[in-house]
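Listed here are the chains, written in short residue letters.
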Protein chains: 2
Amino acid sequence: MPNRTVFFISDGTGITAETFGNSILAQFPGKRRHIRRPFIDTVEKALTVQGEINATAAAEGVKPVVFITLARDDVRDILTSAECQCLMMDMFGAFVEPLEVEFGIKSNHRVGRFSDAAKSQEYNERIEAINFSLAHDDGQSARNLEAADVILVGVSRCGKTPTSLYLAMQHGIKAANYPLIPEDFERGQLPSALAPHKKKCFGLTIDPDRLSQIRNERRPGSKYAAFENCRYEVAEAETMMKRHQIDWLSSTHKSIEEIATTILRDIRPDRLTY
Amino acid sequence: MPNRTVFFISDGTGITAETFGNSILAQFPGKRRHIRRPFIDTVEKALTVQGEINATAAAEGVKPVVFITLARDDVRDILTSAECQCLMMDMFGAFVEPLEVEFGIKSNHRVGRFSDAAKSQEYNERIEAINFSLAHDDGQSARNLEAADVILVGVSRCGKTPTSLYLAMQHGIKAANYPLIPEDFERGQLPSALAPHKKKCFGLTIDPDRLSQIRNERRPGSKYAAFENCRYEVAEAETMMKRHQIDWLSSTHKSIEEIATTILRDIRPDRLTY
């Protein structure tokens, strides 16, 4: 019966432990109680958590599942010891040690990716990208579009904004977004601000049914939200993207993570090193 | 010599493989070339990637490191076979199998966390939280603040906006943010919109030096950016938070991930189940 308590324990934020642990646990049915214990970086804190784990095991009669990302050996030893009543998923233990053998050097036991990140260039670029994407949300500004890595285009409420922010936050991509609106369809032309940047445009589309549903949550009963209008706008936007050879995909059944991954794969912004 | 090519291969977005792989590789010095191969969900695609891996091994004279998250056995078998010249980091293999034994059931071999997420309630809540955080960025709207899970407060440019968006995007938290401005300090009072919601306020502060530097990038030479003014605003903001018993932390040396993790740990928004 996989309805267990799961601990995510890390000397950093625990984001890696949790992301990875959740994708492992998604392979099994059942609801689980999640307990996060970030910033466990001393022997004392580790002993406290060990106490929590053992109390849970005693109360529930089954061993909790414990995902750890711990770089310090003294902290890790406490949780991986036989006194800790759990099913231990030691992510560094399983993978760092084989790499030490292959590389022929010892690991530097640095804590996770997000530690003291505030000082790194990569981190500052991510923050700058978030600011850029916010300033260029929904066609707010056509200024400085040449600095964009990618410009998402599509009808209102097709998913451009969350995808842009995700690209900025996760990948440090300067993602602008620009709506295609009925005036553009009447003129039969892309918004003029986009014309010089067609190569970095990427389109999002969406099923008219779903679009109508989303728009109705915002403006119930409006013409804007009506199915007929949504069908018209989506068809016009797709025609326009086809005419201008702008790649696009449908957001209807895709998460922002999947859309962002596809955009990165297809556009390969110049400034990405991989 | 750890300057290797690293592949991240997944039948989904590869985000889990990449996040986890990077935190493992951060334990070792050296620069690496990263190659992402998302959406590898057929035998044919797996054979193509195997060809790339072997070509890389032949060209570089050392085995590439390969992180995989692959749920399908037939796809995984190709990459974990002896014909694939790599150092294989099989994340599901290492952890799913012990869980199958412990739980006494077979895993359901679902692909990653982000697949077909567009339909899930959790996903829709995240998107709703992003929209909420955008609508309540920088005190734009005091409407509906009672729906916020957390309200970040602090002086202009101390990190409220990216932290709010991160909380929304990663954790589905409705995070509003509200600036503390000179007028508030002159009146000696919290903005009136915040008064009924003090319990869910969380403060951010920042070293005046760093704040002055950030503000100077935006408005060089302004009074707004002057060190003396930054010192005044930060001191006043901290006094105000202390008086109203609002917990706070400094963003100066912390990433948005670390700030968000601390907020979640301390505020424990009611609607979180863990």
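See the structure printed just above.
Residues numbered from 1 in each chain as written. Chains lettered and ligands numbered in written order. Predicted model: local features only at pLDDT ≥ 70, side-chain atom pairs only at ≥ 80, totals over all residues. Heavy atoms only, no water.

To describe two helices that pack against each other, one gives the angle between their axes and the distance between the axes. Residue and element names in this part refer to chain A. Here helix α8 (residues 208–218) crosses helix α9 (residues 227–243) at 125°, and the two axes come no closer than 8 Å. With respect to their mutual orientation, α8 and α9 come out oblique. Seen along the crossing, α8 lies across α9 with a hand that is right-handed. Listed contacts from α9 to P208, D209, L211, S212 and R215 of α8 are F227, N229, C230, R231, E233 and V234. (Axes fitted to C-alpha atoms, helices over the stretch in contact; angles between N-to-C directions. Helix = DSSP H or I, 4+ residues; strand = E, 2+ residues; numbered from the N terminus. Parallel < 35°, antiparallel > 145°, perpendicular 65-115°, else oblique. Left-handed = near helix turned anticlockwise from the far one by under 90°. Contact = heavy atoms within 4.5 Å.)

As a further point, take the packing of aromatic side chains. Summed over the entire model, instances satisfying the criterion amount to 7 aromatic pairs over all chains. On the numbers, 5.1 Å between centres and 90° between planes, the contact of A:F103 with B:F28 is edge-to-face. Here A:F103 is found in helix α4 (residues 91–103), whereas its partner B:F28 is found in the loop between α1 (15–25) and β2 (33–37) on a different chain. Each member of the pair A:F103 and B:F28 is classed as buried. Positioned over the ring face of A:Y224 is A:R215, at 4.2 Å from the centre of the ring. (Phe/Tyr/Trp six-rings, centres within 6.5 Å; stacked < 30°, edge-to-face > 60°. Buried < 20%, exposed > 50% of the residue type's maximum accessible area, 1.4 Å probe, protein only. Lys NZ or Arg CZ within 6 Å of the ring centre and 35° of its normal.)

We now examine the sheet that holds strand β3 (residues 65–69) of chain B. Residues and elements named next belong to chain B. Spatial ordering of the open sheet is given by β2-β1-β3-β4, a layout of 4 strands whose pairing is parallel. In this open sheet, the two strands that pair with only one neighbour each are β2 and β4 (87–90). Shown here is a sheet whose adjacent strand axes are inclined to one another by a mean of 15°, direction ignored. When strand β1 (residues 5–10) meets β3, the two strands line up parallel, connected through 5 bridges. Across the sheet, F8 pairs through a bridge with F67, a residue of β3. In the packing of helix α2 (residues 43–60) onto the sheet, contacts are made with β1, β2 and β3, and the angle to β1 comes to roughly 175°. Contacts from helix α3 (residues 73–80) reach β1, β3 and β4, with the element oriented near 155° to β4. (Pairing = 2+ DSSP bridges.)

Let us look at the interface of chain B and chain A. How large an interface is tends to be reported as the accessible area lost when its parts come together. Listed per partner, the contact involves 79 residues of chain B and 79 residues of chain A. For the interface between chain B and chain A, the tally reads 4 salt bridges. For the salt bridge of B:E102 with A:R4, the shortest nitrogen-to-oxygen distance reads 2.9 Å. Inspection of the chain B/chain A interface yields 6 residue pairs in polar contact (both at pLDDT 80 or more). Every element with two or more residues in the side of chain B that touches chain A is listed here: α1, β2, β4, α4 (91–103), α5 (121–135), α6 (160–171), α8 (208–218) and α10 (256–267) of chain B. The element that contributes the greatest number of residues to the side of chain B that touches chain A is α4(B), accounting for 10 residues. Looking at side-chain class alone, the side of chain B that touches chain A contains 38 nonpolar, 20 polar and 21 charged residues. (Salt bridge = Lys/Arg side-chain N within 4 Å of Asp/Glu carboxyl O. Polar contact = N/O pair within 3.5 Å; in protein donor to acceptor, adjacent residues only side chain to side chain. Nonpolar A, V, L, I, M, F, W, Y, C, P; charged D, E, K, R; others polar.)

Note that all results are geometric; they support no functional claim without further evidence.
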